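Examination of the molecular architecture
Residues per chain, in single letters:
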Number of protein chains: 2
Amino acid sequence: MAQYKAPLRDMQFVLHDMLNIENHYASIPAFADTNRELVDSVLEAGAQFCENELSPINRSGDEEGCQFNDGEVSTPKGFKEAYKKYVELGFGSLSAPVEHGGQGLPPSLGVVMSEMMGTANWSWGMYPGLSHGAINTVEAHGSAEQKEVYLTKLISGEWTGTMCLTESHAGSDLGLIRTKAEPQADGSYKISGTKIFISAGEHDMADNIVHIVLARLPDAPKGTKGISLFIVPKFMPTGERNGVKCGSIEHKMGIKASATCVMNFDEATGFLIGPPNKGLNCMFTFMNTARIGTAMQGVAAAEGSFQGALEYARDRIAMRSLTGPKNPEKEADVIIVHPAVRQLLLTQKAFAEGGRAMVYLLSSYNDIVSTTQNADEKKAADDMMSFLTPIAKAFLTEVGYEAANHGVQVFGGHGFIREWGMEQIVRDTRIALLYEGTTQIQALDLLGRKVLQTQGGMLRNFTKVVHKFCQTHEGNADMAQFVTPLAALNKEWGDVTMRIGMKAMGNADEAGAAAVDYMMYSGYVTLAYLWAWMAQVAQAKLAAGEGDAEFYKAKIQTAQFYFKKILPRTKGHIEMIDGGAETLMQMSADAFAF
Amino acid sequence: MAQYKAPLRDMQFVLHDMLNIENHYASIPAFADTNRELVDSVLEAGAQFCENELSPINRSGDEEGCQFNDGEVSTPKGFKEAYKKYVELGFGSLSAPVEHGGQGLPPSLGVVMSEMMGTANWSWGMYPGLSHGAINTVEAHGSAEQKEVYLTKLISGEWTGTMCLTESHAGSDLGLIRTKAEPQADGSYKISGTKIFISAGEHDMADNIVHIVLARLPDAPKGTKGISLFIVPKFMPTGERNGVKCGSIEHKMGIKASATCVMNFDEATGFLIGPPNKGLNCMFTFMNTARIGTAMQGVAAAEGSFQGALEYARDRIAMRSLTGPKNPEKEADVIIVHPAVRQLLLTQKAFAEGGRAMVYLLSSYNDIVSTTQNADEKKAADDMMSFLTPIAKAFLTEVGYEAANHGVQVFGGHGFIREWGMEQIVRDTRIALLYEGTTQIQALDLLGRKVLQTQGGMLRNFTKVVHKFCQTHEGNADMAQFVTPLAALNKEWGDVTMRIGMKAMGNADEAGAAAVDYMMYSGYVTLAYLWAWMAQVAQAKLAAGEGDAEFYKAKIQTAQFYFKKILPRTKGHIEMIDGGAETLMQMSADAFAF
């Protein structure tokens, strides 16, 4: 099985060559000290940890899974020890606020770290990953006392956190949740109800677990406007066991080493966090960051499966190249000579590297949103982030899953065998298209909330950036191959949005019917912009004679591949969008099967 | 978990309304007695068996898997008993020749039976499925004595069979196999070597296992022209144990109840079957039938996951319809009201029903090929089957896998949980894109061997049929919506083939670079033809006032959905084909990663 090797060269390309991250950090007062050296040293330390501690327990974790025994959950061999090391090395507190013991580094650097952890061992990364949601929630909405009691220990990693949203009948539609919160004389609440799909809800890696729970006050309005947020610790700060217990863990397709818990709250003591009935609003603040984290799972899938498949394709021999033997000394040629194998590998590569650029760019907006005091600056960054997040979450997980499947395909029948690790990536990644809002929910969020509800404003924000890029480089002969098709697609993006908007005014289902194809179209065009950008950076480096020419040449070649062999998928999506809602809606529910 | 229900109404639509199978059988002397009544009674008996015996042990079989213990393999609970019943009911001998104890029914009827078994429980179906390969081989190439000893017991089901092709270093490229056959004085051979991925190689369901083994004679030429076929029984007809033993079973992503064995041949006694060094040619005779069987796995995946997802979508409530509440009495609407959910369901339905039509049509050619004495008739049917088989195998497994994933998606997070059974279909189906020749190998077979090597002859055979269909119905106002786009795509099919052919003359890699997109394009157009055909049949039935009008209306609506919301994918494939080989081939193997 292939061991993970952090693609530091490529990560540095995106951070330094492309995003000029040092300048970006310098422009944000809170992160002005985060220079290139610091960034690179964090990357290298992170890479070592992920390669040496997390990658080796990835396959074994999948085979062993989590064990449930009367409310207790044990994680697979090595998980606890790796977590201990993670805490000791301070990786958990990297981008947490200094005033509560964090290191105050930019969120975008934490995201880079999460890419490495996730690619090396996604299941393991879920445990610290869930803490981030709890940390962000307490930091933004907690009282001074709540911060003192919970935040410091969450940041240090002594305790971990969870987000308890879903109930068995209420997933995408949180308005239906029934968990109750009864006010008590002392200002606390008694929380009762059952939550499902709670990642890291119970485990043996930390001393305490801090649950952030969505529940309803007795007089709460129905639906999403009657949901409040509560802190419910497993152990009370006094040390006493609280009335929350893990009822069972799920048997899943993948991420088997991540405990997915049914959590029973039986008059558990909870503390209101944020204003009553505004729980969902408070959540929305962090929905974007959680979704960026899930988008990263798509990148991790593409990167991890690409690494495995590439190693195999350079080694495995089968048949001769169609243009004559390439390894005449061997019985057959290595399979990387075959165009169809290259098509799989380059597709993985284009999604891994392009997806990385997309998530890093997105996170750079988050650096601004999370720190700036300037309202205009904040709104501009927030709008961009709000627009790109559903694209990154849905599109990158869809194509990351595709890439994971390509990894299996390169291995032929061996890809189906567990020990090679390729099928695990497929199983582990499948959840990314479901949790934190399914692809379909993201697509509605993008087209409905972000595009149509802003009368196209958020879309125009972004297409203007793309337009400007195209204008800037249209005179460059080497860039025409990218800029010409990109400019056409960018214009088409606006046009098709207008067509959908017009139709949706007459029939709201037209938006629902277009949403998924629209989201995929948006993803391919956004990625085209990023690949054109990366090609332009690489061309500039080559022209200047800077750095490793072979690296930059490969970057341009991957961009060329993307434009010729992936981007044409947009053609189908446009036509399917224009295909409208009628053929989706006309069939009666009874007539689907006889 | 949803239990399988055989879609008898739809199967009968394809067999009777569309293919007029009674007339087809009547035109073939060997099957002249197979009338509609007989067909329907076989379907009903098969449905009962699959629903009552196979479906209930599908989930448990996945959880339990096969157990290996010192060369012995035990199958999951209930598998043996179901096999016993299968033999007793005579399903194994359905389409086997009467002279060896079979029932002499048409192969196409056996394929319908295999659809039901496979959808109910693909792993279980692998055991009798593998016997068919051995039966066909012995029947076509065995001596009279070999037939007497082995064929009768394979047909009765007392014994099962395997096909031992793959070795760990030789999968797609069988020319590399090393298993040796040493001639003995008594005319037998000593077979030595290790085969992997041998489905049903060892199990506890039958008294004996008959292995058909590819091996090399001492003086054999290198490569594919030096391979011979041998019969190697687990127990000699005298009852003595032969020198073939299962070394281990694989731990796989799916089809866990199907034993995938490493088989060690240690001077095992074998008997040459067919002429020496012609083993691969002998195999090719049955490659098509084996591939049709695998194509069916795509249909089974689409049908099974569609059944589960539809049941869930009609029951689960979440959010309101975009056009206002549809179930105002409930807290939320059933999710089948949402366009994005319908898009998933209708995609599954279009692939399941369209794929069924494709495989049944394909099998009807096999009825002719396997019985006719008329050389012209045989060649015509064989050409059609040869052309359509790689399309059906590769395209239907790709879209079947897509459909299986849609099933998970409809369930949201619950789709990831094993007990619902949806993720099992994904895992079980993944192998279909790999075994019996990967998607990439099928694509090369289609474009290289079937299309370019016949100078487009096999393609023209088929596009002429489509052209004629379009001409016949172009005057029908109700059919224009199908016939107009179909005729255009049919013409484009020839045009793009010409373009590839021209480029490939200068550079063979151009064919390899186009192959997978060409195969997918071919699949979508072939399915468009079948959906247009089905719509035409349904329209004719409606016009005649025959049968269930709701059923036929839904058929037309599904065709409309397919043309508007799936067929446009061809647009992208054409452009990616025309994108050529350069961006695939220009990158050096070293430059894929740094």
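None of these values were measured; they are calculated from a predicted model.

Conventions adopted
Residues numbered from 1 in each chain as written. Chains lettered and ligands numbered in written order. Predicted model: local features only at pLDDT ≥ 70, side-chain atom pairs only at ≥ 80, totals over all residues. Heavy atoms only, no water. Domains from an automatic or database assignment. Buried area = accessible area lost by both parts, 1.4 Å probe. Salt bridge = Lys/Arg side-chain N within 4 Å of Asp/Glu carboxyl O. Phe/Tyr/Trp six-rings, centres within 6.5 Å; stacked < 30°, edge-to-face > 60°. Helix = DSSP H or I, 4+ residues; strand = E, 2+ residues; numbered from the N terminus. Buried < 20%, exposed > 50% of the residue type's maximum accessible area, 1.4 Å probe, protein only. Lys NZ or Arg CZ within 6 Å of the ring centre and 35° of its normal. Contact = heavy atoms within 4.5 Å. Least-squares fit on C-alpha atoms with pLDDT ≥ 70 in both. Polar contact = N/O pair within 3.5 Å; in protein donor to acceptor, adjacent residues only side chain to side chain. Nonpolar A, V, L, I, M, F, W, Y, C, P; charged D, E, K, R; others polar. 1 Å grid on protein atoms, 1.4 Å probe; cavity = no way out; pocket = protein on both sides within 12 Å on 5 of 7 lines; lining within 4 Å. Points joined across faces, edges and corners; volume = space filled by probe spheres on them. Expected span 1.5 Å × (residues − 1). Bend = angle between axes of the 7 residues up to and from the residue. Core = buried A, V, L, I, M, F, W, Y, C linked by side-chain atoms within 4.5 Å. Axes fitted to C-alpha atoms, helices over the stretch in contact; angles between N-to-C directions. Parallel < 35°, antiparallel > 145°, perpendicular 65-115°, else oblique. Left-handed = near helix turned anticlockwise from the far one by under 90°.

1. Some remarks on the domain arrangement of chain A
Residues and elements named next belong to chain A.
- Its domain assignment divides chain A into domain 1 (282-442) and domain 2 (447-583).
- For domain 1 and domain 2, the distance between their C-alpha centres works out to 18 Å.
- Here domain 1 packs against domain 2, burying approximately 2300 Å² in sum over the two surfaces, 79% of which is carbon and sulfur.
- If you look at where domain 1 meets domain 2, you find 2 salt bridges.
- Of the charged contacts, one joins Glu353 and Lys555 as a salt bridge, the two residues approaching to 2.8 Å between their closest N and O atoms.

2. Side note on the packing of aromatic side chains
- Counted under the stated rule, the structure contains 52 aromatic pairs over all chains.
- With centroids separated by 6.1 Å and ring planes inclined at 55 degrees, the aromatic side chains of Phe13 of chain A and Tyr552 of chain A adopt a geometry described as tilted. Taken together, the positions of Phe13 of chain A in helix α1 (residues 8-18) and Tyr552 of chain A in helix α17 (residues 549-565) put the pair 539 residues apart, joining distant regions of the chain.
- Note on Tyr562 of chain B and Phe563 of chain B: the rings are 6.1 Å apart at their centroids and 80 degrees apart in plane angle, and the pair reads as edge-to-face.
- Overall, the relative accessible area of 0% leaves Tyr562 of chain B in the buried class.
- A residue is classified by how much of its surface remains accessible, and Phe563 of chain B, at 10% relative accessible area, is buried.
- Three or more aromatic residues link up through ring pairs in this structure, and these residues are Phe387, Phe462, Phe469, Trp493, Tyr529 and Trp533 of chain A.
- The ring of Tyr401 of chain B carries the charged tip of Arg430 of chain B above its face, separated from the ring centre by 5.4 Å.

3. A closer look at the environment of Met458 of chain B
All names here are of chain B.
- Tracing the sequence through the fold places Met458 in helix α14 (residues 457-473).
- We classify Met458 as buried; its relative accessible area is 13%.
- In this structure, the C-alpha to C-alpha distance between Met458 and Ser386, residues 72 residues apart in sequence, is 8.3 Å.
- Those residues in contact with Met458 that lie beyond four places of it in its chain are Asp383, Ser386, Phe387 and Lys450.

4. Here's the deal with the relation of the copies chain A and chain B
- Taken as rigid bodies, chain A and chain B are interconverted by a rotation of 180 degrees and an axial shift of 0.0 Å, the fit giving an RMSD of 0.0 Å. Here the two chains are linked by the operation of a two-fold rotation axis.
- A shared interface surface links the copies, since 100% of the contact residues of chain A are contact residues in chain B too.

5. Details of the interface of chain A and chain B
- Listed per partner, the contact involves 101 residues of chain A and 101 residues of chain B.
- The contact between chain A and chain B buries some 8900 Å² in all, and 62% of this surface belongs to carbon and sulfur atoms.
- Of all residues in chain A, Phe416, Phe592 and Phe594 of chain A give up the largest surface area on contact with chain B, accounting jointly for 10% of the area buried on that side.
- Joining chain A to chain B, the criterion identifies 4 salt bridges.
- For the salt bridge of Lys571 of chain B with Glu575 of chain A, the shortest nitrogen-to-oxygen distance reads 3.1 Å.
- At the junction of chain A with chain B, the criterion picks out 45 residue pairs in polar contact (both at pLDDT 80 or more).
- Tallying contributions element by element places α17 of chain A first for the side of chain A that touches chain B, with 9 residues.
- Partitioning the side of chain A that touches chain B into residue classes produces 48 nonpolar, 28 polar and 25 charged.

6. Thoughts on empty space enclosed by the protein
- Scanning all chains against the criterion turns up 5 cavities of 30 Å³ or more.
- The calculated volume of the largest cavity comes to roughly 1400 Å³.
- Lining the largest cavity are 48 residues; nearest its centre among them are Glu402, Tyr524 and Arg569 of chain A together with Glu402 and Arg569 of chain B.
- The residue inventory of the lining of the largest cavity, partitioned by class, reads 18 nonpolar, 18 polar and 12 charged.

7. Looking at helix α11 (residues 375-410) of chain A
Residue and element names in this part refer to chain A.
- The end-to-end C-alpha distance of α11 is 50 Å, a good match for the 52 Å that 36 residues give at a rise of 1.5 Å each.
- Largest kink in α11: about 30 degrees, centred on Leu388, with the proline Pro390 one to four residues after it.
- Taking burial as the measure, the 36 residues of α11 include 27 buried ones, the bulk of the element.
- Two or three places before Asp376, at the start of α11, stands the capping residue Asn374, its side-chain oxygen 2.9 Å from that residue's backbone nitrogen.
- The first or second residue beyond α11 is Gly412, which carries a positive phi of 60 degrees.

8. Things to note about the nonpolar core
- One finds Trp124, Phe395 and Tyr562 of chain A together with Trp124, Phe395 and Tyr562 of chain B to be the most contacted residues of the largest nonpolar core, which totals 422 residues.
- Among residues more than four places away in sequence, those in contact with Phe395 of chain A are Phe351, Met358, Pro390, Met519, Met520, Gly523, Tyr524 and Leu527 of chain A.

9. Observations regarding the packing of helix α6 (residues 107-120) of chain B against helix α10 (residues 339-369) of chain B
Residues and elements named next belong to chain B.
- Where α6 meets α10, the closest approach of the two axes is 8 Å, and the angle between their N-to-C directions is 150 degrees. With respect to each other, α6 and α10 are oriented roughly antiparallel. Judged by the sense of rotation from one axis to the other, the crossing of α6 with α10 is right-handed. Within the contact between the two elements, α6 uses Pro107, Ser108, Val111, Val112 and Glu115 and α10 uses Arg356, Val359, Tyr360, Ser363, Ser364, Asn366 and Asp367.
- Residue composition of the contact of α6 with α10, by class: 5 nonpolar, 4 polar and 3 charged.

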